[in-house]
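Fold and geometry: a report
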2 protein chains.
Amino acid sequence: MTDIRQRLARNVARLRKEAGWSQEAFADHAGIHRTYISDIERGARNPTIEVVDRIAKALRVKPGALLD
Amino acid sequence: MTDIRQRLARNVARLRKEAGWSQEAFADHAGIHRTYISDIERGARNPTIEVVDRIAKALRVKPGALLD
DNA sequence: TTGTGACTACGAGTCCGTC
DNA sequence: GGACGGACTCGTAGTCACA
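Residues numbered from 1 in each chain as written. Chains lettered and ligands numbered in written order. Predicted model: local features only at pLDDT ≥ 70, side-chain atom pairs only at ≥ 80, totals over all residues. Heavy atoms only, no water.

Under the annotation held in an unreviewed UniProt entry, chain A carries the name XRE family transcriptional regulator and is attributed to Aurantiacibacter spongiae.

So, in structure tokens, the structure goes:
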């Protein structure tokens, strides 16, 4: 149910850290608000695929890689 | 921008047909409204990841496979 | 540097139809 | 069977102040 959110949360947090970004620096880079990234990394939001796509582009991965 | 919608649209339509479902039968099976499936297959909507997850489960594929 | 509650505007998601 | 429209509810997008 919400486990898709948790998978997204873990993948974003992991890949962001691997790339050496803080949440704030990454948020700027992705063109998304800082607190929104925070919410996503906690699984507190149910974002749309367009938001996932923007995050994926900022992380240079395929959008599907964030959900699996 | 909307190409993520088009990728989802094509993948859902293709996999649904391969499974031999009509839009309506598939919508019932996935627990989503029939008009919403129609909209998604036309790239007219920007669904949330929870909807993508429900569609993926109904198609027995990974959610990521619908976005790539 | 990140978490969290609260807020408004707008779009996700549902349901009624018709073609 | 599927595209498309109108109308509706409620949740998401996006932001802020503060912890």
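With respect to the protein's contact with DNA strand C
The condition is simple: We call a residue near a molecule or strand as soon as one heavy atom of that residue lies within 4 Å of the molecule or strand. Any pair of N or O atoms that falls within 3.5 Å is considered a polar contact. Within protein, one atom must be able to donate a hydrogen and the other to accept it, and sequence-neighbouring residues count only if both atoms are side-chain atoms. Only DSSP runs of H or I covering at least 4 residues are called helices, and only runs of E covering at least 2 are called strands; the numbering of each starts at the N terminus. Residue polarity is assigned by list, with Asp, Glu, Lys and Arg as charged and Ala, Val, Leu, Ile, Met, Phe, Trp, Tyr, Cys and Pro as nonpolar; anything else, Gly included, falls into the polar class.
Among the 20 residues in the neighbourhood of DNA strand C, the closest are listed as Gln23 and Arg42 of chain A together with Tyr36, Arg45 and Thr48 of chain B. The sugar-phosphate backbone supplies 53% of the atoms of DNA strand C found within 4 Å of the protein. Here a phosphate oxygen of DNA strand C sits 3.3 Å away from a polar atom, N or O, in the side chain of His33 of chain B. Interatomic distance of 3.4 Å between a side-chain N/O atom of Thr35 of chain B and a base nitrogen of DNA strand C. Elements with a minimum of two residues in the surface near DNA strand C: helix H2 (23-30) and helix H3 (34-41) of chain A together with helix H3 (34-41) of chain B. No other element matches the four residues that H3 of chain A contributes to the surface near DNA strand C. Looking at the surface near DNA strand C residue by residue, the class counts come to four nonpolar, nine polar and seven charged.

Overview of the relation of the copies chain B and chain A
This is how the line gets drawn: Each copy is superposed on the other by least squares, with the fit set by C-alpha atoms of residues at a pLDDT of at least 70 in both. Residues count as neighbours in contact if any of their non-hydrogen atoms are within 4.5 Å of one another.
The two copies are related by a screw operation: chain B maps onto chain A through 180 degrees of rotation and 0.1 Å of translation along the axis, at an RMSD of 0.1 Å. In the structure described here, the two chain copies are related by an operation that fits a two-fold rotation axis. Considering only C-alpha atoms, the part of chain B nearest the rotation axis is Gly64 of chain B, at 1.8 Å. Interface overlap between copies is the fraction of interface residues in one copy that are interface residues in the other; for chain B against chain A it reaches 100%, indicating a shared surface.

A short note on the UniProt feature "domain: HTH cro/C1-type" (unreviewed entry) in chain A
Counted only if it meets this: UniProt positions are given in the numbering used here, feature names are shortened, and annotations may be inferred rather than shown by experiment.
Mapped onto this numbering, the UniProt entry annotates "domain: HTH cro/C1-type" (unreviewed entry) at residues 12-66 of chain A. End-to-end, the C-alpha atoms of residues 12-66 of chain A are 7 Å apart, and along that stretch the chain is 62% helix and 0% strand.

Let's talk about the packing of H2 of chain A against H3 of chain A
All names here are of chain A. Put simply, the test is: A fitted line through C-alpha atoms serves as each axis, taken over the contacting stretch for helices, and the angle formed by two N-to-C directions is quoted from 0 to 180°. Angles are sorted into four bins: roughly parallel if under 35 degrees, roughly antiparallel if over 145, roughly perpendicular if 65 to 115, and oblique for all others. Crossing chirality is assigned from the near helix's rotation relative to the far helix, an anticlockwise turn below a right angle marking it left-handed and a clockwise turn marking it right-handed.
For the pair H2 and H3, interaxial distance at closest approach is 8 Å and the crossing angle is 110 degrees. With respect to H3, the axis of H2 lies roughly perpendicular. Considering the relative orientation of H2 and H3, their crossing is right-handed. Counted together, Gln23, Glu24, Phe26 and Ala27 of H2 and Arg34, Ile37, Ser38 and Glu41 of H3 form the full contact between these two elements. Along the lines of polarity and charge, the residues of the contact of H2 with H3 split into three nonpolar, two polar and three charged.

Quick look at the protein's contact with DNA strand D
Close to DNA strand D lie 17 residues; Tyr36, Arg45 and Thr48 of chain A together with Gln23 and Arg42 of chain B are nearest. What you see for DNA strand D is that sugar and phosphate hold 63% of its atoms within 4 Å of the protein. Thr35 of chain A has a polar side-chain atom sitting 3.3 Å from a base nitrogen of DNA strand D. Arg16 of chain B is positioned with one of its side-chain polar atoms (N or O) 3.1 Å from a phosphate oxygen of DNA strand D. Within the residue set of the surface near DNA strand D, elements represented by two or more residues are H3 and helix H4 (49-59) of chain A together with H3 of chain B. When residues of the surface near DNA strand D are assigned to their parent elements, the largest contribution, three residues, is made by H3 of chain B.

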